[in-house]
Every structure is written in C-alpha cells, then in structure tokens.
Amino acid sequence: MSEQEQVGRVLASEHSSTAEFRVVLDGDNYLQLDDLVLVRTQVPKRGEVRTYGVVTESQGIFEGASFESDTFRIAEEGTLPAEKVRSAQVAVTRVDPELWVAPDPGQMVYRASGDQRDKALYVDEMGRPLPIGIGRDDEPVFADLDFFDGRKGGHMSISGISGVATKTSYALFFLRMLTSRPDIVGDAAANLRVLVFNVKGEDLLWLDKPNRYLDEDAATAWGRLGVPPVPFPSVSFWAPPRRQSGDVVVPDTGGRLEGVDAFAWTPREFIDEGLLRFLFTDASDARNQLAFVEERVRLQLTRWAVDVAGQPGAVVLRQPPTGAWPAGESVTPDQGERVLTDLHSIVDALEELLEPIDGEEPDRAWSGRTQGGTISAFMRRLYSAQHRLGHLIRAGESRRIDRQAAQVTVVGIQSLHDLGQRFVVGALLAETFEEKEHTGQRLPLSVIVLDELNKYAPREGRSPLKEMLIDIAQRGRSLGVLLVGAQQSASRVAQEVLENASIRVAGRLDAAEAERSEYGWMLPSTRARARLLKPGTMVVSQPAIPVPLVLTFPFPAWATRREEVGDEGDPFEDL
Amino acid sequence: MSGLYVEGWSPEYGAPLDISDERMAASPIDPSVEDGEWSARPGVDDGVEHVLFVDGVRRVEARLTFDDLADGIVPGIVGAFAVGATRWDRTVPRSTVGDVLVERLAILGGGIKPELPPVPGLSVGAESIASDDPGQLIAHLHSRMRRAEADLSARLASTGTFVIADGPINELRAQPVVGFIKTHRVSYLGPEHLALIGRLKAGERTPIFLIDAQYPRYSWYLRLDELPDAHSWTAIVRCEAPAALGIEDAVTLADRTAALLPIVASKGHVDPRAPQNLVPIGALEKALRHRLGDQAMVYRALRGAVGSERRASVVGG
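Conventions adopted
Residues numbered from 1 in each chain as written. Chains lettered and ligands numbered in written order. Predicted model: local features only at pLDDT ≥ 70, side-chain atom pairs only at ≥ 80, totals over all residues. Heavy atoms only, no water. Core = buried A, V, L, I, M, F, W, Y, C linked by side-chain atoms within 4.5 Å. Buried < 20%, exposed > 50% of the residue type's maximum accessible area, 1.4 Å probe, protein only. Helix = DSSP H or I, 4+ residues; strand = E, 2+ residues; numbered from the N terminus. Domains from an automatic or database assignment. Contact = heavy atoms within 4.5 Å. Pairing = 2+ DSSP bridges. Axes fitted to C-alpha atoms, helices over the stretch in contact; angles between N-to-C directions. Polar contact = N/O pair within 3.5 Å; in protein donor to acceptor, adjacent residues only side chain to side chain. Phe/Tyr/Trp six-rings, centres within 6.5 Å; stacked < 30°, edge-to-face > 60°. Parallel < 35°, antiparallel > 145°, perpendicular 65-115°, else oblique. Nonpolar A, V, L, I, M, F, W, Y, C, P; charged D, E, K, R; others polar. Arc of directions from axis to C-beta. Salt bridge = Lys/Arg side-chain N within 4 Å of Asp/Glu carboxyl O.

**Section: the nonpolar core**
Residues and elements named next belong to chain A. Among the nonpolar cores identified, the biggest contains 81 residues, and Phe197, Phe423 and Val424 are the most heavily contacted of them. Considering each element in turn, this core owes the most residues, nine residues, to helix α11 (residues 418-439). Each of two domains, domain 2 (129-263 + 399-564) and domain 3 (267-392), supplies a minimum of three residues to this core. Ignoring sequence-local partners within four residues, the contact set of Val424 consists of Phe197, Phe263, Trp265, Leu392, Val411, Ile413 and Leu416.

**Remarks on the sheet that holds strand β3 (residues 36-43) of chain A**
Residue and element names in this part refer to chain A. The sheet built from six strands closes into a barrel, its strands ordered β1-β2-β5-β4-β3-β6 with antiparallel pairing. Adjacent strand axes in the sheet meet at a mean angle of 45° when their direction is disregarded. As judged from the five bridges shared by strand β2 (residues 20-25) and strand β5 (residues 83-96), these two strands associate in the antiparallel manner. For Glu20, the partnering residue across the bridge sits in β5 and is Ala91.

**Section: the sheet that holds strand β14 (residues 311-317) of chain A**
Residue and element names in this part refer to chain A. Strand order in this open sheet of four strands is β15-β13-β14-β16, and the pairing throughout is mixed. Each having just a single partner strand, β15 (330-331) and β16 (339-340) make up the two edges of the open sheet. Where β14 meets β16, two bridges bridge the pair, whose relative direction is antiparallel. Across the sheet, the residue bridging to Val316 is Val339, located in β16.

**Section: the side chain of A:Arg403**
Residues and elements named next belong to chain A. Position of Arg403 relative to the elements: it lies in the loop between α10 (372-389) and β17 (408-412). One polar contact links Arg403 to Glu435, side chain to side chain, over a distance of 2.7 Å. Discounting residues that sit within four places of it in the chain, Arg403 has contacts with Arg193, Leu195, Thr409, Glu431, Thr432, Glu435 and Ser446.

**Here we look at the packing of aromatic side chains**
Per the counting criterion, the structure on display carries 16 aromatic pairs over all chains. Relative to A:Trp558, the ring of A:Phe232 lies with its centre 4.8 Å away and its plane at 55°, an arrangement referred to as tilted. With A:Phe232 in the loop between α5 (216-224) and β11 (235-239) and A:Trp558 in the segment after β22 (545-552), this pair connects stretches of sequence that are 326 residues apart. Each member of the pair, A:Phe232 as well as A:Trp558, is classed as buried. Centroid distance B:Tyr221 to B:Trp233: 5.5 Å. Interplanar angle 75°. Geometry classified as edge-to-face. Placement of B:Tyr221 in strand β12 (residues 217-223) and of B:Trp233 in the loop between β12 and β13 (236-242) is noted, with a sequence separation of twelve residues between them. Following the ring pairs from residue to residue traces out a cluster consisting of A:Tyr170, A:Phe173, A:Trp222, A:Phe232, A:Phe553 and A:Trp558.

**Remarks on the domain arrangement of chain A**
Once the domains are mapped, chain A shows domain 1 (6-120), domain 2 (129-263 + 399-564) and domain 3 (267-392). Between the C-alpha centres of domain 1 of chain A and domain 3 of chain A there is a distance of 70 Å.

**Remarks on the packing of α10(A) against α11(A)**
All names here are of chain A. One can describe the packing of α10 onto α11 by two numbers: an axis separation of 9 Å at closest approach and a directional angle of 85°. Taken together, the axes of α10 and α11 are roughly perpendicular relative to one another. Between α10 and α11, the residues in contact are Ser384, Ala385, Arg388 and Leu389 and Leu419, Gly420 and Phe423, respectively. Per-class residue counts for the contact of α10 with α11 are four nonpolar, two polar and one charged.

**Focus on α5(A)**
All names here are of chain A. When α5 is considered as a whole, its buried residues turn out to be Ala218, Ala221 and Trp222. Taken around the axis of α5, the buried residues stretch over an arc of 100°, which confines them to a single face. Facing away from the buried side of α5 by over 90 degrees, the exposed positions are Glu216 and Asp217. Elements in contact with the buried residues of α5: β7 (129-134) and α3 (167-180). Gly226 sits one or two positions beyond α5 and adopts a positive phi of about 80°.

**Overview of the pairing of β17(A)**
Residue and element names in this part refer to chain A. Most of β17 is tucked away, with five of its five residues classed as buried. Of the two faces of β17, the one carrying Val408, Val410 and Gly412 and the one carrying Thr409 and Val411 are both buried. Direction of pairing for strand β10 (residues 193-198) relative to β17: parallel, over a ladder of five bridges. Bridged to Asn198 within β17 is Gly412. Note: β11 against β17, four bridges, orientation parallel. Of the residues in β17, the one forming a bridge with Ser236 is Thr409.

**Some words on the pattern of salt bridges**
All names here are of chain A. Applying the stated criterion to the full structure yields 63 salt bridges over all chains. Between Arg529 and Asp34 there is a salt bridge, with the nearest N and O atoms lying 2.9 Å from each other. Residue Arg529 is located in helix α16 (residues 524-530), and its partner Asp34 is located in the loop between β2 and β3; the two are separated by 495 residues in the primary sequence. Residue class for Arg529 comes out buried when judged on its relative accessible area of 16%. Judged by relative accessible area, Asp34 falls into the buried class, the value being 14%. Within this structure, Arg128, Asp144, Asp146, Asp149, Lys152 and Arg442 form a network of salt bridges that share partners.

Here it is, written out as structure tokens:
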C-alpha cells in the first residue's frame, strides 16, 4: 500500500452520509476539485469500511465571523479573533466492501493515490480500462471499454458550445486512444475502422501530419497515456469533386489536395443502394406523400435501370422484359435513348416519366395514384438536389469511398450544402450499417464520428437519416457500429440517440443548456462548473462510475490546420 | 435518604444576573499626578505590536442540595468558568484566542465539602463556603473566575506584553496591565474635574488620577466613540493600571489605550453592549462560552452520575 497523506477529517458538526460528506482540512494541506479521497470507518460487527470520494467543491470561512463587516475586523484590523477553516465537499464514488454506511465524523481523510485511486475510480473492476484523459493529479482517468465497444454498452455522446467545448478534439483524442492501445482494446482492435466526417472547416484533414506546436509537456502527457505523441498513422482523406472539374476529378478542398481522393457515386451505385432516399432528408419531407413517391420511384429505378455497354457506371431506363433486369446485363442505348450519367440526366429522365411536358398523364408505374401537387413537390426537391449535390453522382470508374483503405477514413463534407451533407452522411452510414447487418458480427468494430448530430438526428420530425441514426443507436451496439456523436445542445438531438450513449461527455455548456434534463447525469456542482470549463477540459460520465469525472486531454500530436503542420524532415536542413 | 441531589430546577433559577465588581470610592483620590492642566489629552499609538485582552465567563451548570437528614438541607451549585485571552498581533494584523482554561466546581454551603462521584468526561473540583446563602455560592464562583483572570493577566504581563483585563485590577506589581471598566456606578472625581469627561472627543482621555486604595492604582477616563443622540457619558470607559508602574509608564499606557481602544470598540448593530464591549473581548466571551460545552449535556451527565451512585449505594448497602 502506498504511503498515505492525511489531508483532514470528516466534518463533525454536520451529518455525513453515504452520498456526500465534508472534509475539514488540516491547516497545512489542501484539496482541490476532482481530488480523490479515502476515509476508513470502523463499523461495529462488520469491521473496516473504506469510503472513496471525489471533491466536488472547496470552501473556506472565518469561524467566528457573523457579520459581513467582521471580514474587515478579522482580516484588515485583526481585532476580531476568528479561525480560518477550509473544507471540501466530497461526493462518494465507492464504498468498499459494499456496506452502505456513512463515514464516521471526525475520521481521518486521506488523499487517495496508487491502488486507492484505482479503487476510487473502479479501475480495479474494469474489464478493459482505457485511458480517456488525465485527472487533475496528472494521472490517467479510465473508462471501461466494455461500455463503449458494445459488450455492455455502446456509443459516446459529446455536448458543448462550439469553439470552446473542443468536442471534435476530444472525439479524435478518444479515437487515438482507441486505435493505439491494442494491448487494452484486445480483439476488438483488429481491423477496427473509423469513419470521421469533417463538417466544418478543414480541421480534420491534417490528422496524419505532426503538429509543430506539440511541446514537451504535451508529449509527456501522451506518454502517460501510453501513446507515442505522433499523428494518426493510417488515415485516408476523401472529399467531393470540384463542380467544374470536367474529366479531371479534383477534390474540393481548400488547403490540402495532396493525399485527398475525390469521391462520387455512379448512377448505377446511386440506384442500387437506393440513395434517392437520402435526397429527402428534410424533417418536413416525411409529413406529406413525398416519401411514398420516393419509395415508388426508388423501386422502379432498380427495376428499369440497365447498364450501358462501354460506359461504366452509366445506365439507361428501359422497361425490363420481366420484373427487373438481371444483374450484370448491359445494353447498347437506342438512338435518342437517354443515358443516365449524372444526377442531371436522372432528374430529366424522371421528369419525363412523372411530369411529361406535353400534358400527357404520368406513367402510373412510376407515380402511383399520387396527386399532381405531390409529384411537383417531389420534382422540386430533385431540382434543388441536382443543383446542390449533382456533382456527387457521375458515371465512370467507381469513386466510392474505400473504408478499408486506412484505419481512419476522413470524409470532408464541409464544402457541401446541408442537403449534400445529409446525403453523404446517409449514404455512408447506410453502407456501413448494411455491411454489418449482413455479417451479423460485432467484430471488426466500425466507429462513426459525426459532429452536429442535431442536423442529422433532430429531436423533432422524421427523416430516413434520423431513423437510421436511431437504428444505429439502438442496434449498432450488438452489430459493432458505434457512434461518437457530438452536438452543441443535447436537447436538440433525438432522445433515442442520446439515451443509448453509454459514455457521455460535456465540454463547456451554455448556462441555460446546462440546466436541462439531458444533463441530469451531472452533479449540481458539475453543472455549475460546466459553464466555466476551459477548452480541453471535459466532464465524463460512464456507467462504471456513479459520479461524473472532470478530466483534460493532451494537446493533439496531429495538426488541426495547415499552419500547424510541422516539418516532416526537411531535406535541405543540413545544407 | 441522605446524600447529594441534583435539583430538577433550571440552574439559572434565582441566580443573580450581575455581580458588581465596582468597589465603593471611599479611597482618597489625587487628580494631580500627571503633569499639565486638567484638560483632554489625545491618545498616542506608540506602535505596540501585541495587545492581549483577558476575560472570563461563568455559568451555573446545576443546583445541588445536600441532605444529611440531621441538620436539614444545604444548598450548593455546580458552576463552570472559562478564562482566556485574545492576542491581537498588530504586525500581521490578526487576532487569535488562546490560553483558555476551563474549570468546573461543585460548591456547597455550610462548610461542607461536596463529594461528587466521578462524572464521565468532566473534571469537577470540590469547594465549600461557610454561608448558606445561595447568592454567596455564585459570588464564590465569580471570585474564583476573577482570580483565574488575574492569574492569567499576571502571567501574560510578566513577559512584558501589554494586557487589557476586563474589570478592575488587583495588582501590586509593576506590570503593563490595564483594567477596563465599562460601567460607572461610582464617581471618583469631584464636580470641577468631572465636567471634562462630557467634553472628551473620541480617542481622548482625561489626565491620570491616583486611587490610593488597598491596591493603589492610576486611573483615567476615555471616550471610545462619539454617538449621535446620546448622553455625555455614553461611550465613556474608565481604565486603571497598577500604581507600582510609576507615572511615566502609566502615561504611556493611558495614551496607548486612548488611541487603541476606539479601534476595537464594537458597533451598535453588532453588539447590544456597544461600544464598550470591545470586539476582541466580545469574541473571546463567545469563544469561551463555546468552550464551556453544551449545558444540557453537562447537566445530564451530572444528574446521571449523582443518581447512579446513590442507586448503587442503596443496592450495595
């Protein structure tokens, strides 16, 4: 057992309880927020019970002062005798053995370190304790991975104000821990794949580059977590093609072109995977008949689309001889027959079928018995989609995102309109989820990092994207599809998605937001603090520990902007 | 049944609320000991670094009755007192309470020494007085407290530290002890000198006069504060110092008190005895009362101990 440092005694003038107690500090010692303490209590007939706790508040008072003006008499004139008393409020984290009695008043309180610290934080009971940050004592804080990777629980939810809450930074830090500690992660580390969406700026396009501002302290902190301070070793970057890139497909990124691949779907893939549905992701779309038309058209497309010989990825719409064209069948287009090579031509083809210009009746096989107004609304959505994400559909060689190319796949959708962002997210989530549904295996794990979750799974309304996210939240755990979702306000995200996250994290919160029931997992003192958290400080709650912990995480070893990219060895350095 | 009983009555019942320490001014007064004419003198802060305020509190814990079956009953009390000092360290500046002594006494009248059984957690001394008068029992407790205060003052002052004691002093030695008297029952000065007191401003004192009594001492009046809408003697206190100090040292002490005491005078909204009840002394009394412990617990312990011993003696006898 490590040496014990006595810091004070359990306050005698107030009731101690099994939930909390106060410590009166020795004159020459201190406790700060988040410090861990231990009290030993002799329980009659049962022997020693150790109560572990975490400091949630620190207090001080001049005993003997009863009027506010006494402050000056005590501290300035020194005429009023008074005793300075410093104390700390402690929330109990654990009672060991599990005999729920309050710690004895007057008992000595020790700073918990070493084994006792592990006990206080339940590290000894964790199946796979993964470091998820650094406590105020500069020691790692752990989470039980069983509660992230699906064994006992899954998913992580991160909330906080944009800019200062460092949600994405924490998500990436967590990923780095997850992908760099196979010794802890175990068999779940094998072939683990991470899909990260870059929704704002280009922060995530430099994950493979060292950060020139990484200093000695940060490197030491990484070392304490058992991870070398180097960038992500295996990352592939993807971005949509530039709109006017013609035959030469160039990724649409501002700062970085090298090492970034452009992605797109061919009309064939668009039709086969039913991506049409992700053009109707506005929450209001589900309220009318649009979903019905979309479903019908989606089905019809799969039946009628047949490959064009010599034009990979392109299709023509031709009534099949029987129910649908057999897979792999290809035809030569007739004279004047429309070849679908992009979203533009798909929309044109659908327009001919659904809203013929010459006033003919629409093809009932495509439109069903839908009102003309609904058809028009459907077409209007397609026109706007064509304008906003038309460049994501193009015939030619497949340019779909290869999620197996690297351990971490970063998909930059920051340049896309909301509609385009939802389309890409929907398409990739569907792909990932269907793949796992198909195998039915939890391993290898597939982790998805998605910021601004409120845009994809808003609390109000329905959309195919929201439903899929709820599905992932509910069933992904057993299928090894794990969501690391981030949002500014948890109160604006679908309840089902939040509820299924076992690990909850918050950075700085808006004062009004912090009072909402979505943050009921915080202690009142933590809530108050959540308004003041500095960037890089997070509150983390996990099922294995009954109180939320405050932790920090080290400065990233990878660059988050072009200016941060460090030298990777200058060939002219020695000249 | 013979023996000692703890009365069920509240200990405060019938206890005199105040015991006057002020003696009659039969002693000769000499108002010409300090040089200069009889006029107001401003205080002088000579920068003394430490000032000690000594005081005590007392309490009746329980009323006793001794019944010897032959000569009727004898009254008694169990009383407690605490004395201590507030040390004002003007270099920091900070005040601390220290040198606390708590004593408990069983006192019986009629010259009978009480034989109190051991009381768990309490140490109770035993004393007797000749009188049967219940008032004298409390007076005895009071004088024991005063003696403890005087002992403490003398001990603290013997190192040369400046001591302000609550109440008159009985000191023959040349020690820097100043008695601080809040109430004025007696006039020491004749009308020609008395008028100056009403004209004193805050922080001013009268010249020193000598009280040539059993314990010869120098004395002076000073004003702590100027309060609106108050008679001319409000905020006036009288101080005294041992005559053995000599007039030169006495002037130093008098100047010092006139400068320092207004600083530590209390405010009306804080203390009903303001401004005479000095802040360090008020806080000291509060701390001492706290140190006397919970009265109900003490009372219960006394009753329990006395009762169980009598029961045991009945069973045993």
